[in-house]
Amino acid sequence: MNKYLSRFLAALFLSSLLNAAPTTTNDAPPTSFVDASKTYRIIQSAIIDIDKMLKDAGIRVHSCRLENGTPVNYPGAGACIYESLKYTFKDKKPSRVWLWVLNEQGQYLPPVLLEWKNSHTGIFGLAGEFVFLSFENFFGHLIKKTNKVVTENGKSTCTVSDPMDRDLGNFIGDISITIPKGRSVSEYFIIDSLDGFSAEKVNLSAKTPFYLNKKRAYKITAIVQNAKQESISISMLTNYNLVSQRDSCFKGSIEHFSGNKEGQNIP
């Protein structure tokens, strides 16, 4: 389950990113790029390499095009994610990005269009989340109000007795992904349950409502919809740590609807 969740959350983080010159889904990937900022290169080498993380999760991004003004091309996805963070903090609007993803044969797929705005209000909130995830055993002792994970049949679940609906802030935030017509989500993101579903739109929202066993909990809801208004609702609650990838609890559901409806909420 952790391997599945790792890939799914990596896909969501990849989507953590996009008005500008028209680009069609038949466009070839960029052939010329600008250099990533010095700050991002330091982050990539000393803190976190987003492209390596995505590659390890089975997602290979050839290049990205940032279109929050004059289009700018970067190799991979990491530089676009970093620049998108700066844009959303400054302009308080979703960032817009095109991503060219490679399939298993190493061929690029028609680009997906993403709109992303994380739920932090500034870089210090984002840094605080990353620091907490990196040293959660230490900071967990400072958390006064927390929920305990329930054990059922010898396995940890994310069932809680006192659910809350707030947001402490998280890097996933609100994401909208537009898939090229005639393509399926599973061609871009490895999610077995969606195999063969030709989605045109993915809308996702994440909140951090509370702490589970003194670990940050993430409540994620995604609606995957096709042109026929059929939709798949994915809901999950987890205290998964994308930084340390230690043992975690997981509770989720996947539901299929014939119309534009959302699935059941997880308490």
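1. Some points on the confidence of the model for the protein
Right, on to step 1. This prediction gives the protein a mean pLDDT of 77; 76% of its residues lie at or above 70.
Right, on to step 2. Between the elements of the protein, mean pLDDT differs from a low of 47, seen in helix α1 (residues 2–14), to a high of 95, seen in strand β2 (residues 72–75).
Right, on to step 3. Predicted confidence for residues 12–23 stays below pLDDT 50, and this span has 55 contacts to residues more than four positions away or in other chains.
Right, on to step 4. The low-confidence segment residues 260–267 (pLDDT under 50) makes 24 contacts with residues lying over four places distant or belonging to another chain.

2. Quick notes on the packing of aromatic side chains
How two aromatic rings sit relative to each other is set out by the distance from centre to centre and by the angle between their planes.
Right, on to step 1. Under the defined criterion, the tally for this structure stands at five aromatic pairs.
Right, on to step 2. Between Phe132 and Tyr211 the ring centres are 5.6 Å apart and the planes differ by 50°, which places this aromatic pair in the tilted class. Taken together, the residues Phe132 in helix α5 (residues 123–134) and Tyr211 in strand β9 (residues 211–212) connect sequence positions 79 residues apart. By the burial criterion, Phe132 is buried, and Tyr211 matches it.
Right, on to step 3. For the pair Phe138 and Phe139, a centre-to-centre distance of 5.1 Å together with 75° between the ring planes defines the contact as edge-to-face.
Right, on to step 4. Exposure remark for Phe138: the relative accessible area of 54% places this residue in the exposed category.

3. Quick word on the pairing of strand β1 (residues 60–66)
Right, on to step 1. The buried fraction of β1 amounts to five of the seven residues, a majority that puts the element mostly inside the structure.
Right, on to step 2. Pairing of β1 with strand β3 (residues 95–102) involves six bridges; the strand directions are antiparallel. Within β3, the residue paired with Leu66 across the bridge is Val97.
Right, on to step 3. Across four bridges, β1 lies against β2 in antiparallel orientation. Bridge pairing in β2 links Ser63 to Pro75.
Right, on to step 4. The antiparallel pairing of β1 with β2 creates a hairpin that spans five residues between the two strands.

4. Some words on the nonpolar core
Right, on to step 1. Judged by nonpolar contacts, the single largest core of 45 residues is most densely connected at Leu54, Leu99, Val112, Ile172, Ile177 and Ile220.
Right, on to step 2. The biggest single contributor to this core is helix α4 (residues 78–91), with six residues.
Right, on to step 3. Listed in part, the seven residues of the second largest apolar core include Phe210, Leu212, Ala217 and Cys249.

5. Observations concerning the side chain of Ser176
Right, on to step 1. Turning to its location among the elements, Ser176 is positioned in strand β7 (residues 174–178).
Right, on to step 2. Engagement of the side chain of Ser176 in a polar contact is seen with the side chain of Asn203, the distance being 3.2 Å.
Right, on to step 3. Beyond its immediate sequence surroundings of up to four residues, Ser176 is in contact with Leu113, Leu114, Glu115, Lys201, Val202 and Asn203.

6. So, the sheet that holds β3
Right, on to step 1. Pairing is antiparallel in the open sheet, where nine strands are placed in the order β2-β1-β3-β4-β7-β8-β11-β12-β13. Taken across any chain shown, the strands that pair with only one partner, and hence form the sheet edges, are β2 and β13 (250–257). On average, each strand axis in the sheet is tilted by 20° relative to the strand beside it, whichever way the strands run.
Right, on to step 2. Both β3 and strand β4 (residues 112–117) contribute to a ladder of five bridges, which runs antiparallel. Looking across to β4, one finds that Trp98 is bridged to Leu113.

7. Side note on the environment of Phe33
Right, on to step 1. Position of Phe33 relative to the elements: it lies in the loop between α1 and α2 (38–46).
Right, on to step 2. By relative accessible area, which is 34% here, Phe33 ends up partly exposed.
Right, on to step 3. Expressed as a C-alpha distance, the spacing of Phe33 and Asn73, which sit 40 residues apart in the sequence, is 5.0 Å.
Right, on to step 4. With near-sequence residues (within four places) excluded, Phe33 lies in contact with His62, Ser63, Asn73, Tyr74 and Pro75.

Criteria and thresholds
Residues numbered from 1 in each chain as written. Predicted model: local features only at pLDDT ≥ 70, side-chain atom pairs only at ≥ 80, totals over all residues. Heavy atoms only, no water. pLDDT = per-residue confidence, 0-100. Helix = DSSP H or I, 4+ residues; strand = E, 2+ residues; numbered from the N terminus. Contact = heavy atoms within 4.5 Å. Phe/Tyr/Trp six-rings, centres within 6.5 Å; stacked < 30°, edge-to-face > 60°. Buried < 20%, exposed > 50% of the residue type's maximum accessible area, 1.4 Å probe, protein only. Pairing = 2+ DSSP bridges. Core = buried A, V, L, I, M, F, W, Y, C linked by side-chain atoms within 4.5 Å. Polar contact = N/O pair within 3.5 Å; in protein donor to acceptor, adjacent residues only side chain to side chain. Axes fitted to C-alpha atoms, helices over the stretch in contact; angles between N-to-C directions.

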